[in-house]
Amino acid sequence: MPAELTVIVLAAGGGTRMKSKTVKVLHEVGGRSMVGHVLAAVGELEPQRIVAVVGHQREQVAPHIQSLAPDAVLAVQETQEGTGHAVRIAVEAAGVTTGTVLVATGDTPLLRGASLRAFVAEHEAAQRAVSILSGEVPDPHGYGRIVRDEQGEVVAIVEEKDATPEQRELREISSGILAFDGDFLAGALPRISNDNAKGEYYLTDAVQLAQDDGLTVGAYPIEDVTETEGANDRAQLAELGRILNARIVTQWMRDGVTVMDPATTWIDADVVLEQDVTVLPGTQLLGATVVAEDAVVGPDTTLKDCEIGSGARVVRTHGELAVVGAGADVGPFSYLRPGTRLGAGGKIGAFVETKNAVIGEGSKVPHLSYVGDAQIGRGSNIGAGTIFANYDGIAKHRTTVGDGARTGSNNTFIAPVSIGDGAMTGGGTVVREDVPAGALAVSAGAQRNLEGHAARRAASRAETDGERHADPGVGQPAPGGTQSR
């Protein structure tokens, strides 16, 4: 990389075609905002400074950018008067006059750091005043065209509204990503005019200024032109998301992850998967989820910001901000809410919901239970249909279950309450008081058997049926009507 590299990210536009209260660059794809993807790509170049130009909804955009790039300089474009105007504001804010200046747009989420690195390296090696990241597309509508002379040298970038019919037929387009010699850029920006169809200051006019000064201009065709594509509406955003997801899934498969059905698998950009993970159909791995080796996730599972241990299995489960230990089993149809921590070898079974619950190593909650605000020790078993009643209508309270406890089915634990090591509870028990270690807690009353109940019930039913048939008006349709069924 050059001795001094400045990156300017243009993120001031509103994106009206998104038809959204959210500014365009903050729309998410692959688990990051569009500008977040761009910042990640330019960050791989390790520039000396990043300058972000903000404008529309800067009260949301500026903090978001600084959360991702804390050292970024923010330049405010109060009125959007074109890319030349935006870059002039950025240069003034950063005081850039030397080195290489790379200008990127904030709505190109497919951009790769490796491609930018190659572009900047080629710009430096050719010692150009201006370099254009270009690409060949089958349909150039909406893009600025690269105009070359008979020798193949770049002579201009022409915006579509200003292009001649012949120029509009050209298929090499400008991506809007450019590299400049810093000294040239500082001198060229005040000379850019807004004498064009839109009355804006086009940064691309610097190409003509460089040629007028007798300096070198060139274009670098990117290998994969989709990297430079932006999104102007929701349909384009969805298409970029599909391309990005296919790229991510393919890369993980090449890195040793088994993905049974790539078409139904979605993996965000910040997800980390170790070798020999298996991802089954219908699975979404979102946010900062991490899955360790030999784990199996899916089918039909959504995990966001979760940590899955080695050899664990998570089946038909929805989880967020949860940790599943090594060798543990989850599902099917489990709901892991934030704060869930399942220890190694543990189990959260079918139709179990957990929240803010720590379940110890080897402990099991197999069926039909709610475990909220709880601490369960090691090697304990929670019976089917158990409810941890943690909320009294005003505050949340915590239940503690010790090691090796065995609780019966259809229990209710009225928090705050503690169940000691090795303690047991009977079926249907409502636990309102602490259970000492090794004790058995029961709360149901004594069972009563009512002898002859079935015969008495049958006789009563027969008597009722006889009375109904003796009354001719019962069950008969009204005159001229039909009987309701």
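Keep in mind the model is a prediction, meaning the values are calculated, not measured.

## A word on the sheet that holds strand S38 (residues 440-441)
Strand order in the open sheet formed by three strands is S33-S36-S38, and the pairing between neighbours is parallel. Two strands close off the open sheet at either side, each with one partner strand: strand S33 (406-407) and S38. Here two bridges tie S33 to strand S36 (residues 424-425), and the two strands are oriented parallel to one another. For Arg 406, the partnering residue across the bridge sits in S36 and is Met 424.

## So, unusual backbone geometry
In this model, Gly 298 is joined to Pro 299 through a cis peptide bond whose omega is 0°. Mapped onto the fold, Pro 299 is located in the loop between strand S18 (296-297) and strand S19 (302-304). Residue Pro 332 follows Gly 331 across a cis peptide bond; omega there is 0°. Counting through the fold element by element, Pro 332 comes out in the loop between strand S24 (329-330) and strand S25 (334-336). The phi torsion at Asp 276 lies on the positive side, around 70°, for a residue other than glycine. Phi is positive for Asp 373, close to 50°, though the residue is something other than glycine. Along the chain, the position of Asp 373 falls in strand S30 (residues 370-376).

## Remarks on the layout of surface pockets
Within this model, the largest pocket holds a volume of roughly 1800 Å³. What lines the largest pocket is a set of 48 residues, among which Arg 17, Lys 24, Asp 107, Gly 142 and Asn 232 lie closest to the centre. Looking at the lining of the largest pocket, the elements with two or more residues in it are strand S1 (5-11), helix H3 (83-94), strand S10 (172-181) and helix H8 (234-254). Looking at the lining of the largest pocket element by element, the count peaks at four residues for S10. Along the lines of polarity and charge, the residues of the lining of the largest pocket split into 13 nonpolar, 23 polar and 12 charged. When its volume is computed, the second largest pocket comes out at roughly 480 Å³. Taken together, 22 residues make up the lining of the second largest pocket; nearest its centre are Arg 112, Leu 244, Arg 247, Ile 248 and Ala 269. When contributions to the lining of the second largest pocket are tallied by element, the ones reaching two or more residues are helix H1 (34-43), helix H4 (113-126) and H8. For the lining of the second largest pocket, a count of residues per class yields 11 nonpolar, four polar and seven charged.

## Considering the nonpolar core
Counting residues in each nonpolar core, the largest one holds 52 residues, and the members touching the most others are Ile 267, Leu 273, Leu 285, Ile 308, Val 324, Ile 376 and Phe 388. With six residues, H8 is the single largest residue contributor to this core. Not counting the four nearest positions on each side in its chain, Ile 376 is found in contact with Val 358, Ile 359, Gly 360, Ser 363, Val 365, Val 371, Ile 382, Phe 388 and Val 401. Core analysis: the second largest hydrophobic core is formed by 35 residues, Ala 86, Val 103, Ile 146 and Leu 189 among them.

## Comments concerning the sheet that holds S18
Taken in spatial order, the seven strands of this open sheet run S12-S15-S18-S21-S24-S27-S29, and their pairing is parallel. Both outer strands of the open sheet, strand S12 (258-259) and strand S29 (364-367), are each paired with one neighbouring strand and no more.

## Here we look at the side chain of Thr 407
In this structure, Thr 407 sits in strand S33. Taking the relative accessible area as the measure of exposure, Thr 407 reaches 7% and is therefore buried.

## Quick notes on the environment of Asp 213
By the element assignment, Asp 213 lies in the loop between helix H7 (206-212) and strand S11 (217-221). Assessed through its relative accessible area of 39%, Asp 213 is described here as partly exposed. Here the alpha-carbon distance between Asp 213 and Val 23, two residues 190 residues apart in the chain, equals 39 Å. Setting aside anything within four residues of it in sequence, one finds Asp 213 in contact with Phe 184 and Arg 191.

So, how was this worked out
- Residues numbered from 1 in each chain as written.
- Predicted model: local features only at pLDDT ≥ 70, side-chain atom pairs only at ≥ 80, totals over all residues.
- Heavy atoms only, no water.
- Pairing = 2+ DSSP bridges.
- Helix = DSSP H or I, 4+ residues; strand = E, 2+ residues; numbered from the N terminus.
- 1 Å grid on protein atoms, 1.4 Å probe; cavity = no way out; pocket = protein on both sides within 12 Å on 5 of 7 lines; lining within 4 Å.
- Points joined across faces, edges and corners; volume = space filled by probe spheres on them.
- Nonpolar A, V, L, I, M, F, W, Y, C, P; charged D, E, K, R; others polar.
- Core = buried A, V, L, I, M, F, W, Y, C linked by side-chain atoms within 4.5 Å.
- Buried < 20%, exposed > 50% of the residue type's maximum accessible area, 1.4 Å probe, protein only.
- Contact = heavy atoms within 4.5 Å.

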